[in-house]
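So you can see what is in the structure, the chains are spelled out below.
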2 protein chains.
Amino acid sequence: MVSMETTATVEPIALLRGAGLRVTDSRIAVIAALADHPHSGVDAVLTAVSMHLPHTSRQAVHNVLNDLTEAGIARRIEPAGQPGLFELRVGDNHHHIVCQRCGAVADVDCVTGHAPCLTPSTTSGFDLTEAEVTFWGICSACKVTQAEPAASAL
Amino acid sequence: MVSMETTATVEPIALLRGAGLRVTDSRIAVIAALADHPHSGVDAVLTAVSMHLPHTSRQAVHNVLNDLTEAGIARRIEPAGQPGLFELRVGDNHHHIVCQRCGAVADVDCVTGHAPCLTPSTTSGFDLTEAEVTFWGICSACKVTQAEPAASAL
DNA sequence: AGGTTGTTTTGACTCTGTCAAAAGAGGGGG
DNA sequence: CCCCCTCTTTTGACAGAGTCAAAACAACCT
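Cut-offs used in this document
- Residues numbered from 1 in each chain as written.
- Chains lettered and ligands numbered in written order.
- Predicted model: local features only at pLDDT ≥ 70, side-chain atom pairs only at ≥ 80, totals over all residues.
- Heavy atoms only, no water.
- Near = heavy atom within 4 Å.
- Polar contact = N/O pair within 3.5 Å; in protein donor to acceptor, adjacent residues only side chain to side chain.
- Helix = DSSP H or I, 4+ residues; strand = E, 2+ residues; numbered from the N terminus.
- Nonpolar A, V, L, I, M, F, W, Y, C, P; charged D, E, K, R; others polar.
- Pairing = 2+ DSSP bridges.

Enquirer: Could you give me a rundown of the protein's contact with DNA strand D, with the residues and numbers involved?
Expert: Taken together, the neighbourhood of DNA strand D is formed by 22 residues, with Val23(A), Gln59(A), Thr24(B), Ser57(B) and Ala60(B) sitting nearest. Between a phosphate oxygen of DNA strand D and a main-chain N or O atom of Val23(A), the distance comes to 2.8 Å. Taking Ser26(B), its side chain carries an N or O atom lying 3.3 Å from a phosphate oxygen of DNA strand D. At 4 residues, the largest contribution of residues to the surface near DNA strand D is made by helix H4 (residues 58–71) of chain B. Class assignment of the residues belonging to the surface near DNA strand D gives a composition of 6 nonpolar, 11 polar and 5 charged.

Right, here's the structure in full:
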């Protein structure tokens, strides 16, 4: 096991133990990566994790992210046309605003304050579980650089 | 060109001409398929189209759907974890409710009546273009058949 | 420390969609 | 009415994202 210093705000070990998941280097590193860079995809997480653990496989990152998501530690979002992104902010019903040019994602607090924060006019016989809101727009970086996508998107 | 009878509600030829697109059998058949079965994916459209035009390729369906979407005749939605779905209802700001078990999709009229029908609390510097709402729940078929997915989903 | 069980690695595979070149068809001009 | 230019469609290879599965390995309970 490797000691990690990036545990300022979140406490990976406690999160994992609390979820009944074994504490492994990979999982700690993935949680740290998500804490540093929310809305990261598998590639971004793998890159971050590889700095501490060079032999980490892409599949391991997939495994960990799926495990964390199932355990309720992470949440997966998937804006149309993009690969899945992950974040640790979970349990509060917040939403996202996505840049249509560069794919950058920012958090948006719940529109009306409670979950599910919206009620459809007609549910067509569905039992409603959740309302997911995605705002689309152009991020401030792309507004300036009308020529090339913002670097922050990658 | 093959004569189509399924043009009761929508008029494919007029739609295509109006958009400056050439009128082809494939395009007429795809529009007819979407008129009959909104929220269809490429596979479903291909199956429907193949009944009239057995030699239609999957790529042709992709082409047509992309062309229709760019022309504003069709709209593409992509619920998380599902392939893209297409519908002809376009221009009204309506939303969708998706079954978490079988993937069935139903339309939901705009939550408050105007587009964009929601305003985020903070836009994080983004220029807002659109608000997309996806409701998640369990469809009536899946409520009954708690064991196997509803056939309507396929 | 030892063994059981859960993780990680490795690599093949599926699914969805795009790219590109050649063959074919729409439709405006003659 | 026919021709020809251009747009569509076919065909087949390819790319991106993710899953499946078996063997090697590590966490952690006792």
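Enquirer: Any chance you could break down the pairing of strand S4 (residues 105–108) of chain B for me, citing the residues and the numbers?
Expert: Residue and element names in this part refer to chain B. Bridging between strand S3 (residues 95–99) and S4 involves 4 bridges; their strand directions are antiparallel. The residue bridging His95 from the neighbouring strand is Val108, located in S4. Two successive antiparallel strands, S3 and S4, enclose a turn made up of 5 residues, where Gly103 displays a positive phi of approximately 80°.

Enquirer: Tell me about the protein's contact with DNA strand C, and please be specific about residues and values.
Expert: Not every one of the 22 residues close to DNA strand C is listed here, only the nearest: Thr24(A), Ser57(A), Ala60(A), Gln59(B) and Gly84(B). In the interface set of DNA strand C, defined as its atoms within 4 Å of the protein, sugar plus phosphate atoms amount to 67%. Measuring from a phosphate oxygen of DNA strand C, one finds a side-chain N or O atom of Arg27(A) at 2.9 Å. Between a phosphate oxygen of DNA strand C and a side-chain N or O atom of Arg76(B), the distance comes to 3.0 Å. Of all the secondary-structure elements, those providing two or more residues to the surface near DNA strand C are helix H2 (25–36) and helix H4 (58–71) of chain A together with H4 of chain B. Counting residues per element, the surface near DNA strand C draws most heavily on H4(A), at 4 residues.

Enquirer: Lay out the environment of Gly103(A) with the relevant residues and their values.
Expert: Its location among the elements puts Gly103(A) in the loop between strand S3 (95–99) and strand S4 (105–108). Sequence separation between Gly103(A) and Gln82(A) is 21 residues, and the spatial gap between their C-alpha atoms is 7.7 Å.

Enquirer: Could you give an account of the environment of Leu53(A), naming the residues involved and the relevant values?
Expert: Of note, Leu53(A) is situated in the loop between helix H3 (42–52) and H4. A C-alpha to C-alpha distance of 8.1 Å links Leu53(A) and Ala29(A), two positions 24 residues apart in sequence.

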